[in-house]
Amino acid sequence: METIPLKKAARTLQITILRHNPCDTSSVPHLQTFMLEEADTMTLFIALTEIRETQDPSLQFDFVCRAGICGSCGMIINGRPGLACRTLTKDLPEKITLAPLPAFELIGDLSVNTGKWMRGMSERLETWVHAQGLEQLDINAIEQRMEPEKAEQIYELERCIECGCCVAACGTAQMREDFVGAVGLNQVARFRLDPRDERDDADFYQLVGDDSGVFGCMTLLGCEDMCPKDLPLATQIAFLRRRMAAVAISGKPASKIKPE
Amino acid sequence: MQIIYTDVLVIGGGLAGQRAAIGARRRGQDVIVLSLVPAKRSHSSAAQGGMQASLGNCLGGQGDNEDIHFADTVRGSDWGADQAVVRMFTHTAPKAIRELAAWGVPWSRVKRGERQISVDGQQKTISEADDAHGLITARNFGGTQKWRACYVSDGTGHAMLYTMSNQAIAANIPVHERMEALALLHDDGRCYGAIVRNLMTGELLAYMAKATCIATGGFGRIYRVSTNAIINEGMGAAIALETGVASLGNMEAIQFHPTGIFPAGILVTEGCRGDGGLLLDGKQHRFMPDYEPEKKELASRDVVSRRMEEHIAAGQGVSTRFGEHLWLDIRLLGAEHINTQLREVKEICQYFLGVDPVKELIPVRPAQHYSMGGVRTDHSGHSPQLRGLFAAGEAACWDMHGFNRLGGNSVAETVVAGMIVGESMADFCESAEGDIALSTALARDFGHREQQRMAAIVNNSGTESAFELTRLMQETMTSKVGIFRHGDRLQEAVATLQQLQQRCANVSLRSSARGANPELVAAYRLQRMLKLAQCVAYGALQRTESRGAHFRADHPQRNDRDWMRRTLARWPEGSTGLPALDYETLDIMAMELPPGWRGYGARDYIEHPDTALRQQQIDSALSTVATDDRHSRQQALMPFRQLLPAHLQADNQRLGDE
């Protein structure tokens, strides 16, 4: 008998969730604990879905792709921001505490309005290629060439999924509502790198050359530590800060400063 | 109830919807986009491997053009596609990718000189030409004669969707996020917008528009095992169906992707096999060459998925407590390739399986992936039955995929369809047909109806659970309307779905939460999903042949003689049981490429008498064309350019053109 290994008993997870429904005037933020039997390969997506279907159908959360690609399910998992869909419960202790991402408008329970925040950031930083004649393109002609390495460098920054984990992990963002966050600064770095974008450093300085932009960063590095896509955020911010400082010091008019 | 007025209402914020919105906006129309989720989170972002466009820049793509892309797509569709639409698509795809390149997508580029690749399990050195350096490159995909899938590492859809969304923001197009269309406003064959529910507050609104476009993607979530995002519940197609006027085309045509990771069903891209990955069985034997000596792992998806299931049924799978699976082996591609060109795949394996694909095998099994069917439209994306209603992308059936879609053709379709449908909506709005006399009473009536439907759920005292019935529907679809179909089991599925529809009337809620109430959302969506599921199951039962992804074990042959027909499903108002099916003939005498063998898969099929006649016609027509110019020869067989907006009609330039 001793030679037969005993199957480890399934754990009972104790999942505590910070709950609040702003649509209900009588709702008060509170913690609620659910007990759930763990299953093989269980993710927080599976666990939360099961809680909603079998215990409390009013529980609010956001999942879309459930594959770590779309950035919908950022939440605070045992004190750290992360993507719930690809967090396996077996990597967590029995007691799990979940809370909505801070710094975003609460929709309900674990659901926050990252979409509205990100759209605001995009509008403010104009996160699109600025080039003359985009509406009169000759799309029959062979495309403009780009160095293969340049395309790869741009994609490296383009991998951001706007999940909001970097904003939730950022000290400045907790204190300054208007801080564009690592997500915004990364966007600026991405378009700055893009040869198709005709803006120069002086233009970017207008967008992020103050404390709500690149000079608001306190270099706490929470963004880079918590980025689910492992983007080189701290490096990008440090580099951008140097370039923006150069613009400020040079005092030259916009068109005279060439980006590197 | 608040009423919002606009010229064009686009329901769905993915690639197709946003491109259509941009097109209509540029023509001066007011546009509003509705999206269930923030637009950049749409399922378009999950497309990994590539977008088909015949640029012909890289070595593997040399000599590629619209003609070859056309033939691949028609063969892929098992001759179910509308060939004029396929021509419009293959002609516009290069323009679409070049537009996106200028707009900001960081397409992977050709690098001059030698590099190592993996082909058919062997390492090989190839050399890319100097003059192609820096142009958009492509990788190999299934069912294609050329390397045509242009890509951005394996985050192609993500990069495309971000660029598209950013352009929509630049064009100042409002996206009303977390909004769900519950019903189309319509009267006397004319669509006027939609009744919409705010998924944050639960409030109902009406949007009234001259033109309404459904671009809500597929409905994979009627299945238990699907690569689709959980929002892909087909609500756009369902509300079109519920008008009782518009029809859905070829709903039984469902694609299963060969490589969903097991058991979660999350997709790993076809690019794994395109770049040289292999499929292995329980004995780690490479089995695809045994079944498909020509294309091996790179036959079309329907064929590979069927062969995999066949092999598992023959006892050659890997047994686990969750069931059986096969292996995908990409170890031979090497760490550098995987770390740069397949990094999303690597992350997915790492996070969901605890597997490092550089060193280990990936457990895979086919999973529901794509809906070829959808809202039936003409070549311009316009519903023939419900004027003012348009559809684009996976939600539509215009019909370029027929019974099987080629990998990389769907993200390409989203953008191409958006380019075309945006124009046709603008044309429509500018025409006399686009004029409307708005009736706010219509909005009030429809709003009232939706309110009553929801009240009927909220006040129901029945004992059924929406979550439980949804699970039963998904189980039924996966077990009985899957890859291998049979009349008896389809009959059972239809009966089960009918029972579920009846039980659905007794769904009650346990929660009366204020706001959107996720349980209420599940309950009202279930009613609509059951109708879609029934269109699929009943359509599959009636189609007594095998074509593309629709395989009937009891009717294993493709039957051109009796089934060169597209299924049209309608749900007449008040009907509770089954959709009304009609059939639309595909005219072989108008085809540029008459039916034949696909070059992979089964060789035997029942011919249509017109096939030989049409081939004779084609041969004699071509013999009278004096020139070798391929465009003139094509024009002699099936003219299509007049169907495109004027600015999309010109030839595409390629390297080596004079």
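A brief report on the enclosed structure follows.

### Examining the overall build of chain A
Thinking step 1. Assigned secondary structure in chain A consists of nine helices and seven strands.
Thinking step 2. Viewed in the frame of its principal axes, chain A has a C-alpha envelope of about 80 × 50 × 35 Å.
Thinking step 3. When the 260 residues of chain A are sorted by exposure, 56% land in the buried category.
Thinking step 4. Within chain A, counting contacts between residues at least 6 apart in sequence, those at least 24 apart form 62% of the total.
Thinking step 5. Here chain A has roughly 11800 Å² of accessible surface; of this, 53% comes from carbon and sulfur atoms.
Thinking step 6. Of the charged side chains in chain A, 28 are positive and 38 negative, and the gap between their average positions amounts to 4 Å.

### Remarks on helix α12 (residues 440–458) of chain B
Residue and element names in this part refer to chain B.
Thinking step 1. Here α12 is 19 residues long and its end C-alpha atoms lie 27 Å apart, about the 27 Å a rise of 1.5 Å per residue gives.
Thinking step 2. All buried positions along α12 are accounted for by Leu442, Ala443, Phe446, Gly447, Glu450, Met454 and Ile457. Projected down its long axis, α12 carries its buried residues within an arc of 125°, all on one side.
Thinking step 3. Elements in contact with the buried residues of α12: β1 (2–11), β9 (179–187), β10 (190–198), β11 (204–214) and α15 (518–542).

### Notes on the sheet that holds strand β25 (residues 580–585) of chain B
Residue and element names in this part refer to chain B.
Thinking step 1. Strand order in the open sheet made by the five strands is β20-β18-β12-β24-β25, with mixed pairing throughout. Edge positions in the open sheet fall to β20 (396–397) and β25, since each of these has one partner strand only.
Thinking step 2. The pairing of strand β24 (residues 565–570) with β25 spans six bridges and is classified as antiparallel. Paired with threonine 567 across the two strands is tyrosine 583, which belongs to β25.
Thinking step 3. With respect to the sheet, α15 is in contact with β12 (248–249), β24 and β25, its orientation differing from that of β25 by roughly 60°.

### So, the pattern of salt bridges
Residues and elements named next belong to chain B.
Thinking step 1. Tallied over the entire structure, the rule returns 80 salt bridges over all chains.
Thinking step 2. Of the charged contacts, one joins arginine 543 and glutamate 252 as a salt bridge, the two residues approaching to 2.9 Å between their closest N and O atoms. Taken as a pair, arginine 543 in the loop between α15 and β22 (551–552) and glutamate 252 in the loop between β12 and β13 (254–261) lie far apart in primary sequence, 291 residues in all.
Thinking step 3. A relative accessible area of 0% means that arginine 543 is categorised as buried.

### Some points on empty space enclosed by the protein
Thinking step 1. Tallying each qualifying case throughout the model produces twelve cavities of 30 Å³ or more.
Thinking step 2. Put simply, the second largest cavity is a space of about 150 Å³.
Thinking step 3. As for the second largest cavity, its lining consists of 15 residues, of which Arg119 of chain A together with Ala39, Lys40, Ile169 and Glu177 of chain B are closest to the centre.
Thinking step 4. The set of elements that each furnish at least two residues to the lining of the second largest cavity consists of α2 (114–125) of chain A together with α4 (156–170) and β8 (175–177) of chain B.
Thinking step 5. Looking at the lining of the second largest cavity element by element, the count peaks at four residues for α2 of chain A.
Thinking step 6. Residue composition of the lining of the second largest cavity, grouped by class: six nonpolar, four polar and five charged.

### Examining the layout of surface pockets
The gaps left among the atoms become clear once a water-sized probe is rolled over them.
Thinking step 1. Here the second largest pocket defines a volume of roughly 1100 Å³.
Thinking step 2. As for the second largest pocket, its lining consists of 47 residues, of which Arg115, Gln116, Ile117, Trp147 and His337 of chain B are closest to the centre.
Thinking step 3. Counting only elements with at least two residues in the lining of the second largest pocket, the list comes to α3 (148–158) of chain A together with β4 (113–119), β5 (122–128), β6 (138–139), α6 (271–274) and α9 (335–341) of chain B.
Thinking step 4. When residues in the lining of the second largest pocket are grouped by element, the largest group, seven residues, is from β4 of chain B.
Thinking step 5. Split into classes, the residues belonging to the lining of the second largest pocket amount to 13 nonpolar, 15 polar and 19 charged.

### A short note on the side chain of glutamate 309 of chain B
Residues and elements named next belong to chain B.
Thinking step 1. Looking at the secondary structure, you find glutamate 309 in helix α8 (residues 301–316).
Thinking step 2. Within the structure, the side chain of glutamate 309 is placed 2.8 Å from the side chain of arginine 365, a separation counted as a polar contact.
Thinking step 3. In contact with glutamate 309, not counting residues within four places along its chain, are Arg365, Pro366, Ile483 and Phe484.

### Comments concerning the environment of threonine 414 of chain B
Residues and elements named next belong to chain B.
Thinking step 1. Mapped onto the fold, threonine 414 is located in helix α11 (residues 409–430).
Thinking step 2. Through-space distance from the C-alpha of threonine 414 to that of valine 85 is 13 Å; in sequence the pair is 329 residues apart.
Thinking step 3. Once you skip the residues sitting within four places of it in the chain, threonine 414 turns out to touch Leu15 and Ala16.
Thinking step 4. Separated by 2.5 Å, the side chain of threonine 414 and the backbone oxygen of valine 411 make a polar contact.

### Section: the interface of chain B and chain A
Thinking step 1. Taken together, the contact pairs 87 residues of chain B with 72 residues of chain A.
Thinking step 2. Between chain B and chain A, a total of about 6500 Å² is buried, with carbon and sulfur atoms accounting for 52% of that surface.
Thinking step 3. Its largest share of buried area at the contact with chain A, chain B owes to Arg41, Tyr351 and Phe352 of chain B, together 11% of the area lost on that side.
Thinking step 4. Applying the counting criterion to the chain B and chain A interface returns 13 salt bridges.
Thinking step 5. Across the salt bridge formed by glutamate 53 of chain A and arginine 471 of chain B, the nearest N and O atoms sit 2.9 Å from each other.
Thinking step 6. Taken together, the links from chain B to chain A amount to 44 residue pairs in polar contact (both at pLDDT 80 or more).
Thinking step 7. Listed by contribution, the elements that provide at least two residues to the side of chain B that touches chain A are α3 (83–103), α4, β8, α10 (343–353), α13 (466–480) and α15 of chain B.

### As for the packing of aromatic side chains
Thinking step 1. Evaluated as defined, the whole model comprises eight aromatic pairs over all chains.
Thinking step 2. Measuring from centroid to centroid gives 5.6 Å for phenylalanine 104 of chain A and tryptophan 117 of chain A, while their planes differ by 70°, and the two rings are edge-to-face. Taken together, the positions of phenylalanine 104 of chain A in the loop between β5 (95–99) and β6 (106–108) and tryptophan 117 of chain A in helix α2 put the pair 13 residues apart, joining distant regions of the chain.
Thinking step 3. Take phenylalanine 104 of chain A: its relative accessible area is 9%, and that puts it in the buried class.
Thinking step 4. Ring geometry for phenylalanine 484 of chain B against phenylalanine 551 of chain B: centres 5.4 Å apart, planes inclined by 85°, an arrangement best described as edge-to-face. Here phenylalanine 484 of chain B is found in strand β21 (residues 484–485), whereas its partner phenylalanine 551 of chain B is found in strand β22, with 67 residues between them in sequence.
Thinking step 5. Grouping aromatic residues by their ring pairs yields a cluster made of Phe45, Phe61 and Phe63 of chain A.

### Brief notes about the pairing of β5 of chain B
All names here are of chain B.
Thinking step 1. Of the strand pairs in this sheet, β4 and β5 are connected by seven bridges, and their pairing is antiparallel. Its bridge partner lying in β5, glycine 113 is registered against glutamate 128.
Thinking step 2. Hairpin connection of β4 to β5: two residues between the antiparallel strands, including aspartate 120 at a positive phi of 55°.

Scoring rules and cut-offs
- Residues numbered from 1 in each chain as written.
- Chains lettered and ligands numbered in written order.
- Predicted model: local features only at pLDDT ≥ 70, side-chain atom pairs only at ≥ 80, totals over all residues.
- Heavy atoms only, no water.
- Helix = DSSP H or I, 4+ residues; strand = E, 2+ residues; numbered from the N terminus.
- Buried < 20%, exposed > 50% of the residue type's maximum accessible area, 1.4 Å probe, protein only.
- Contact = heavy atoms within 4.5 Å.
- Areas by Shrake-Rupley, 256 points an atom, 1.4 Å probe, with all protein chains shown as cover.
- Lys, Arg positive; Asp, Glu negative; His and termini not counted.
- Charge placed at Lys NZ, Arg CZ, Asp CG, Glu CD.
- Expected span 1.5 Å × (residues − 1).
- Arc of directions from axis to C-beta.
- Pairing = 2+ DSSP bridges.
- Axes fitted to C-alpha atoms, helices over the stretch in contact; angles between N-to-C directions.
- Salt bridge = Lys/Arg side-chain N within 4 Å of Asp/Glu carboxyl O.
- 1 Å grid on protein atoms, 1.4 Å probe; cavity = no way out; pocket = protein on both sides within 12 Å on 5 of 7 lines; lining within 4 Å.
- Points joined across faces, edges and corners; volume = space filled by probe spheres on them.
- Nonpolar A, V, L, I, M, F, W, Y, C, P; charged D, E, K, R; others polar.
- Polar contact = N/O pair within 3.5 Å; in protein donor to acceptor, adjacent residues only side chain to side chain.
- Buried area = accessible area lost by both parts, 1.4 Å probe.
- Phe/Tyr/Trp six-rings, centres within 6.5 Å; stacked < 30°, edge-to-face > 60°.

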